[in-house]
Amino acid sequence: MTKLAWTLAALALASCTVGPEYQRPQVDLPAEYAVAQAATPAPEKWWAVFQDPVLDKMIDEALANNRDLKMAAERIEQSRAQVMVARSGLWPDAGVRYDGSRSRSSEKTSFPPPSDAIEASSQRLVLTAQWELDFWGKFRRASEAARAELAATEAGRDAIRNSLLGDVARNYFTLLALDRRQQALELTREGRAKSLELQKLRLDAGIVSELEYRQVESDLRSAIAFVPQVRQQRVILEGALAVLLGRSPRDIMGGTIERGAPADPAMVEVPAGLPSDLLLRRPDIRQAEEQLHAANARIGVARAALFPSITLTGYYGGESTSLSDLFSAPARTWSLGAGILQPLFAGGQIRGGIQFSEARTRELAEAYQRTIANAFREVREALHAQTNLREADVAQRERVQALERTVELTKLRYDNGAVSLFEYLESDRQLLNARIDALDAERARQSAIVDLYLALGA
């Protein structure tokens, strides 16, 4: 039996591993993929390009306190524990077992009655061990799958982190845009209020009609009505930012979000081109690949169930009628055994498990290809957005400058009676709309910079 045990152990060390070895699927990448074309490499802390200390502080607070990020960290700990569980199958199970009993035999079970004692005691203390040899690599494949799932969980945490940073930056820029929109509305409201006072004097003097007076009043009320709407949007956005930053309900109810002054997006340098390490940097791609790797390893676990399982068992210890003799040499007891179990019929359970694992692997291979395609789509869109939104931002700023001069000239002409009041009011409305559009264009350009960095896996 000893020779058999050593022989089986040697076979286990030289055993094979069933199931396919993992290989990264071939991907139809663009021709320029192999060449790094980024003129400006993406920094580790990409949000620093906006040169806004308030934004930097918010990012640090979110990384330290965000609940979703903390939940992701706990999922990583769960995956680490699963790796320990999977690896435990590679080692023997050992334990200490004690059995103690006292019994009495019946005097009526034999004739004549037994002459010796009919009461007996038994004490048994042994070290037990059981080891299922990983001859077919079942436990090694399970351990491989668990390690891949751990890597996928870590990549998932990185994906949540990137999404969190993007949400914080975009919401912060939107909040600043709302502040400036409210300032533009307040400025317009003040100007229209002064115009209404002037029109009231002219109405009382009979210079203008009531229709013209009511038109100016209507424009004033319109500007006033927009202000509380913007304030409500700010309240909603401040609450969303507070949750992203991981603040407590007390802080959410009573606190406000600090503001800063980020750099003009026109002055921010962003990376250009397609980096050659995109597949390694994007956490969603890494997560999809590790999930595929884990599923591929699960095929080996499923296929190993087709082959016999080889188990070594044994114990060593002492057995005696009294505790005082339990550790003496005559009380020594031991056993060593080996068993082989070959499955013959399982009602399709084993074959079904293999087919499920193979289909799951094919599904995740398609998901991996889709994730890569989406990543390159996002990079392409983000790169083009830099050009298109820059042109739109510049055009909107020039439009505001042109309309500001138009309003000045129209006001002069109106005061001199060269144009009607309606023409002047229309130019003023266009200026307000242009200012709001310019703010939206600047915010869109800031968000596009964030999107590009995230698309590149920064």
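Definitions and limits used
- Residues numbered from 1 in each chain as written.
- Predicted model: local features only at pLDDT ≥ 70, side-chain atom pairs only at ≥ 80, totals over all residues.
- Heavy atoms only, no water.
- Helix = DSSP H or I, 4+ residues; strand = E, 2+ residues; numbered from the N terminus.
- Buried < 20%, exposed > 50% of the residue type's maximum accessible area, 1.4 Å probe, protein only.
- Contact = heavy atoms within 4.5 Å.
- Salt bridge = Lys/Arg side-chain N within 4 Å of Asp/Glu carboxyl O.
- Axes fitted to C-alpha atoms, helices over the stretch in contact; angles between N-to-C directions.
- Parallel < 35°, antiparallel > 145°, perpendicular 65-115°, else oblique.
- Left-handed = near helix turned anticlockwise from the far one by under 90°.
- Nonpolar A, V, L, I, M, F, W, Y, C, P; charged D, E, K, R; others polar.
- Pairing = 2+ DSSP bridges.
- Phe/Tyr/Trp six-rings, centres within 6.5 Å; stacked < 30°, edge-to-face > 60°.
- Lys NZ or Arg CZ within 6 Å of the ring centre and 35° of its normal.
- Polar contact = N/O pair within 3.5 Å; in protein donor to acceptor, adjacent residues only side chain to side chain.
- Core = buried A, V, L, I, M, F, W, Y, C linked by side-chain atoms within 4.5 Å.
- pLDDT = per-residue confidence, 0-100.

This part takes up the overall build of the protein chain. When helices and strands are tallied, the protein chain shows 10 helices and 4 strands. Each helix and strand of the protein chain, placed in order from N terminus to C terminus, yields the pattern α-α-α-β-β-α-α-α-α-α-β-β-α-α. Counting every position in the protein chain, which comprises 458 residues, the buried fraction comes to 38%. A fraction of 84% describes how many contacts in the protein chain between residues 6 or more apart in sequence connect residues 24 or more apart.

Among the structural elements, Ala-448 can be located in helix H10 (residues 421-455). Through-space distance from the C-alpha of Ala-448 to that of Arg-390 is 9.7 Å; in sequence the pair is 58 residues apart. Contact partners of Ala-448, with chain neighbours within four places excluded, come to Ala-385, Gln-386 and Leu-389.

Time to look at the pattern of salt bridges. Throughout the structure, instances matching the rule amount to 40 salt bridges. A salt bridge links Asp-167 to Arg-170; the shortest N-O distance between them is 3.3 Å. Placement of the pair is Asp-167 and Arg-170 together in helix H4 (residues 138-204), with a separation of 3 residues, close to one helical turn. Relative accessible area serves as the criterion here: at 28%, Asp-167 is assigned to the partly exposed category. Across the pair Arg-214 and Glu-210 runs a salt bridge whose closest N-O atoms are separated by 3.3 Å. In this pair, Arg-214 and Glu-210 are both assigned in helix H5 (residues 210-244), 4 residues apart and thus about one turn of the helix distant.

Turning to the packing of H4 against helix H8 (residues 283-304), a few remarks are in order. It is the contact of H4 with H8, at a shortest axis distance of 8 Å, that shows an interaxial angle of 165°. For the element pair H4 / H8, the angle class is roughly antiparallel. As H4 packs across H8, the resulting crossing turns out to be left-handed. Class assignment of the residues belonging to the contact of H4 with H8 gives a composition of 13 nonpolar, 6 polar and 8 charged.

Either a parallel or an antiparallel arrangement is found when strands of a sheet pair, and the pairing is made through backbone hydrogen bonds. Across the sheet, which stays open at both edges, the 4 strands sit in the order E1-E2-E3-E4 with antiparallel pairing between neighbours. Only two strands of the sheet have a single partner each, and these edge strands are strand E1 (93-104) and strand E4 (332-341). Put simply, the sheet's adjacent strands are angled 20° from each other on average, direction ignored.

Moving on: the packing of aromatic side chains. For the coordinates displayed, the defined rule picks out 7 aromatic pairs. Consider the rings of Trp-46 and Tyr-453, whose centres lie 5.9 Å apart with planes at 15°: the pair is stacked. One end of the pair, Trp-46, is in the loop between helix H1 (2-13) and helix H2 (53-65); the other, Tyr-453, is in helix H10, and 407 residues separate them in sequence. You'll find Trp-46 and Tyr-453 in the same group, each marked buried. The rings of Trp-46, Trp-47 and Tyr-453 are connected pair by pair, giving a single aromatic cluster. Seen from the ring of Tyr-315, Arg-124 lies directly overhead, with NZ or CZ sitting 4.5 Å from the centre.

So, about the side chain of Asp-393. Locating Asp-393 in the fold gives a position in helix H9 (residues 349-415). Among the residues examined, Asp-393 registers a relative accessible area of 1% and is labelled buried. At 3.3 Å, the side chain of Asp-393 and the side chain of Arg-445 are in polar contact. The residues touching Asp-393, leaving out its near neighbours within four places in the chain, are Pro-265, Ala-438, Ala-441, Glu-442 and Arg-445.

In this section: the nonpolar core. Nonpolar side chains in soluble globular proteins generally cluster together in the buried interior. If you look at the biggest cluster of nonpolar residues, it comprises 36 residues, and the most contacted ones within it are Trp-46, Phe-50, Leu-55 and Val-168. Of all elements in the fold, only H2, H4, H5 and H10 reach the threshold of two or more residues within this core. Top contributing element to this core by residue count: H4, with 10 residues. When near neighbours in sequence (up to four residues on either side) are disregarded, Val-168 contacts Met-58, Ile-59, Ala-62, Leu-241, Leu-244 and Leu-245.

This part takes up unusual backbone geometry. The phi torsion at Gln-51 lies on the positive side, around 50°, for a residue other than glycine. Within the fold, Gln-51 resides in the loop between H1 and H2.

Remark: H5 packs on H10, axes separated minimally by 11 Å, with the N-to-C direction vectors making an angle of 5°. In terms of orientation, H5 and H10 fall into the roughly parallel class. Residues Leu-211, Glu-212, Gln-215, Val-216 and Asp-219 of H5 form the contact with H10, whose participating residues are Leu-421, Phe-422, Leu-425 and Arg-429. Looking at side-chain class alone, the contact of H5 with H10 contains 5 nonpolar, 1 polar and 3 charged residues.

Summarising the sheet, E1 and strand E2 (residues 119-133) pair through 12 bridges and their orientation is antiparallel. Residue pairing in the sheet places Arg-102 in a bridge with Ser-121 of E2. Note that E2 and strand E3 (residues 309-320) share 11 bridges and pair antiparallel. Residue pairing in the sheet places Gln-123 in a bridge with Ser-320 of E3.

Time to look at the confidence of the model for the protein chain. Scored by pLDDT, the protein chain has a mean of 85; 87% of the residues are at 70 or more. H8 holds the highest mean pLDDT among the elements of the protein chain, 94, whereas H1 holds the lowest, 54. Long-range and interchain partners of residues 34-39, a stretch whose pLDDT sits below 50, account for 11 contacts in this model, where long-range means more than four residues apart.

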